[in-house]
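The lines below spell out each chain.
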Amino acid sequence: MPLLSATVALLSFAGPSASLRLSPAAPRMSAVDAPPQQAASPAPDAISSSAPLHVLIAGGGVGGLALANCLELSDAPVTYTVLERTSEFKKFGGPIQLASNAMQGFRSIDEELYKQIEARATWTGNRTNGIKDGVRDEWYAKFDLRSPAESREMPFTCVVERPELQEILMRRTHDNLRLGAGVESYEKRSDGGVVATLQTGEQVHGDVLIGADGIWSNVRAAMTETPARGEGSGVTYSGYTASEEKPDGSSPYLQNLFEGWSPEIHDILRVTQEHEIEQRDLYDRPPSVLKPWNKGRVALLGDAIHAMMPNLGQGGCQALEDALVISEQLTSLSSRGDIEGALQGYRNRRLTRSAAVQGLSRFASDIIIRGFDTPAKLGFSGGKLVAENLNYAGVVTRLLQPILPVFFAVQFAFLYDGWENKFSLKQLQIGLSIFAFGSLFLIAFAATAGSEVAFAGAFAESILGAEALEGLSVWATEQSAAIQEVLNSLGGGPPGL
């Protein structure tokens, strides 16, 4: 489907009140280079206040700073150093979505930290959310973010300016933050510790190294002996590039490009200034089910291990969940000999959930963006027969319209209930429901959403068998009552399927 065909617009907010609050720029922060470290003497096995566990965190993004806050606010004998590549934090990037699972995570770290983030938040979870037809300006499907949060006594989903969030996360941790100190590689010490080599050539010693250095992770490259970028890195590009000249500027160019689309799109474009329009390339990695998360006393966090498409707004949220679990695993230790087992426990707790969220994000990108079309319309209006968009994608998009709210409800139950990353039969039950509905969508849109989706459909068929897939649609309908019952028991299910 062409880029500018009548596809639906994701995550639209109803009404002008949904516009984002403009916040003052977060203060810039710079740091003076620390003196080079001397070679560390072997650390004792016992972790104590006199010999605390020292954690090196490569990367000062949301995930790395969240982990730093977890360790800072713990009562455990743990110290840390955040090693950030950039020499100065500057205002860059737009708002980051913090879904209810992430806000609940911040609340669990520290109530005061949560209140500081809450004060900068623009709430979206208590508003009208869903998918809109970008041409007809009609709601295709709405999803309820308020009820699942309220029933679990969780904060609503919100957005916060990324620089402001980083500024808040640095308030307690800035004394242990080094800028201009990006990690290039690492080595294992003879006593089991880790030596991180910085971009300056300096070596920094620690007991543990956490690679929170993003999708182009040097820590991951060193761990897996693969390139950080390019072929062999596992990173794939997903997006479109517009190469036309824009003599009148980007906003007029986009307004012309979206001529005939919803007035809400043009309302946004007209008030957006030229310097606020940036190209944001999209990259992700396949779910790291078979890739190493940890090796020895080194582990990966966030985009370094499970970069995902932005369609669910869960990238930063999942990095925060990583930070919470790593902190729980490390602060419970009393012996350095148990570090490797603790990091393996982190991987075991996070593997399935993060892979599922990665899959859901890719599903939203490949199916909803590339597969969905303007829903077919057939009927009478004003005494005349109306027949619009009666192609395959349009018809399937219309047929799946009543099912999509159910899928959303199951999805949010999965995201909100599992934020603590503890095994639950309810999580398994919801996960199976997501797989069933997802397989149905994959098969339905294999012809329109591209070769990747067709391959995914064939892969599902090879696992389940053709007969099982043939009856999947029937199964989804027959099981809707059972799913509704599960959702009601969890709270937040849609009324009356």
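Quick caveat, the model's predicted, so the values are computed rather than measured. (Residues numbered from 1 in each chain as written. Predicted model: local features only at pLDDT ≥ 70, side-chain atom pairs only at ≥ 80, totals over all residues. Heavy atoms only, no water.)

Quick look at the overall build of the protein chain now. The helix and strand inventory of the protein chain stands at 18 helices and 21 strands. Looking at the protein chain as a whole, 50% of its 497 residues are labelled buried. For the protein chain, restricting intrachain contacts to residue pairs at least 6 apart in sequence, the fraction spanning at least 24 positions comes to 74%. Per element, the accessible surface of the protein chain, about 23000 Å² overall, is 54% carbon and sulfur. (Helix = DSSP H or I, 4+ residues; strand = E, 2+ residues; numbered from the N terminus. Buried < 20%, exposed > 50% of the residue type's maximum accessible area, 1.4 Å probe, protein only. Contact = heavy atoms within 4.5 Å. Areas by Shrake-Rupley, 256 points an atom, 1.4 Å probe, with all protein chains shown as cover.)

Attention now moves to the UniProt feature "transmembrane region" (unreviewed entry) in the protein chain. Mapped onto this numbering, the UniProt entry gives "transmembrane region" (unreviewed entry) at residues 399–416 and 428–449. Helix makes up 78% of residues 399–416 and strand 0%. Its end C-alpha atoms lie 28 Å apart. (UniProt positions renumbered as here; feature names shortened; annotations may be inferred.)

Let us look at the pairing of strand S12 (residues 183–188). When S12 meets strand S13 (residues 194–198), the two strands line up antiparallel, connected through 5 bridges. Each bridged residue has a counterpart across the sheet, and for Val-183 the counterpart in S13 is Leu-198. Hairpin connection, S12 to S13: the antiparallel pair is bridged by 5 residues, and Gly-192 has positive phi, about 100°. (Pairing = 2+ DSSP bridges.)

Evaluation of the coordinates by the stated rule reveals 6 aromatic pairs. Arranged with centres 5.4 Å apart and planes meeting at 50°, the rings of Phe-143 and Phe-412 form a pair that is tilted. Of this pair, Phe-143 sits in strand S9 (residues 139–143) while Phe-412 sits in helix H13 (residues 404–417), and the two are 269 residues apart along the sequence. Each member of the pair Phe-143 and Phe-412 is classed as buried. Three or more aromatic residues joined by ring pairs form one cluster here, namely Phe-143, Phe-408, Phe-412 and Tyr-416. (Phe/Tyr/Trp six-rings, centres within 6.5 Å; stacked < 30°, edge-to-face > 60°.)

If you check helix H10 (residues 315–331), its first and last C-alpha atoms are 24 Å apart, about what 17 residues at 1.5 Å a residue would give, namely 24 Å. Burial within H10 is extensive, with 14 of its 17 residues counted as buried. (Expected span 1.5 Å × (residues − 1).)

Three or four residues apart is the spacing at which side chains of an α-helix point the same way, because the helix has 3.6 residues per turn. All buried positions along helix H3 (residues 111–119) are accounted for by Leu-113, Tyr-114, Gln-116 and Ile-117. Looking down the long axis of H3, one finds its buried residues gathered within 160° of arc, a one-sided arrangement. Against the buried residues of H3 lie helix H1 (62–72), strand S6 (95–98), helix H2 (100–109), strand S7 (122–123), strand S10 (158–161) and helix H5 (162–170). (Arc of directions from axis to C-beta.)

Let's shift gears to the environment of Glu-388. Looking at the element boundaries, Glu-388 is found in strand S21 (residues 384–388). Distance from Glu-388 to Leu-378, taken between C-alpha atoms, is 6.5 Å for residues 10 residues apart in sequence. Leaving out residues up to four positions away in the same chain, Glu-388 has contacts with Arg-136, Pro-375, Ala-376 and Lys-377.

Moving on to the pattern of salt bridges. Counted according to the given criterion, the structure contains 21 salt bridges. Between Arg-349 and Glu-328 there is a salt bridge whose closest N-O contact spans 2.9 Å. Here Glu-328 lies in helix H10 and Arg-349 lies in helix H11 (residues 339–369), a separation of 21 residues in the sequence. Looking at Glu-328, the relative accessible area reads 40%, which means it is partly exposed. Each of Arg-120, Glu-164, Glu-167 and Arg-171 takes part in a single network of salt bridges with overlapping partners. (Salt bridge = Lys/Arg side-chain N within 4 Å of Asp/Glu carboxyl O.)

The next subject is the sheet that holds S13. Spatial ordering of the open sheet is given by S12-S13-S14, a layout of 3 strands whose pairing is antiparallel. Two strands bound the open sheet, and with one partner strand each, they are S12 and strand S14 (203–206). Strand-to-strand twist in this sheet, taken as the mean axis angle between neighbours without regard to direction, amounts to 25°. (Axes fitted to C-alpha atoms, helices over the stretch in contact; angles between N-to-C directions.)

As defined by bridge partners, strand S20 (residues 377–381) adjoins S21 across 5 bridges and the pair is classed as antiparallel. Paired with Leu-378 across the two strands is Ala-387, which belongs to S21. The hairpin formed by S20 and S21 contains 2 residues between the paired strands, and Gly-382 there has a positive phi angle of roughly 65°.

The packing of two helices is summarised by the inter-axis angle and the distance between the axes. Where H1 meets H5, the closest approach of the two axes is 9 Å, and the angle between their N-to-C directions is 25°. In this view, H1 runs roughly parallel relative to H5, as classed from their interaxial angle. Between H1 and H5 lies a crossing whose hand is left-handed. In contact with Val-62, Leu-65, Ala-66 and Asn-69 of H1, H5 contributes Arg-162, Leu-165, Gln-166, Leu-169 and Met-170. (Parallel < 35°, antiparallel > 145°, perpendicular 65-115°, else oblique. Left-handed = near helix turned anticlockwise from the far one by under 90°.)

What follows is about the sheet that holds S10. Sheet strands associate in pairs through backbone hydrogen bonding, adopting either a parallel or an antiparallel arrangement. Strand order in the open sheet formed by 3 strands is S6-S10-S7, with antiparallel pairing between adjacent strands. The open sheet has two free edges, formed respectively by S6 and S7, since each of these has just one partner strand. Direction of pairing for S7 relative to S10: antiparallel, over a ladder of 2 bridges. By the bridge assignment, Thr-122 is partnered in S10 with Val-159. On top of the sheet, H5 reaches S6 and S10; it is set at about 80° to S10, its chief contact.

Taken as a whole, the protein chain shows an average pLDDT of 79; of its residues, 71% reach a score of 70 or greater. Every residue in residues 450–484 scores below 50 in pLDDT, and together they form 36 contacts with partners more than four places removed in sequence or on other chains. Counting contacts from residues 490–497, a segment whose pLDDT is below 50, to residues more than four positions away or on other chains yields 23 contacts. (pLDDT = per-residue confidence, 0-100.)

One pass over the structure, following the stated rule, counts 0 disulfides. Cysteine Cys-158 is unpaired, with the sulfur of Cys-317 as its nearest cysteine sulfur at 8.8 Å. (Disulfide = S-S within 2.5 Å.)

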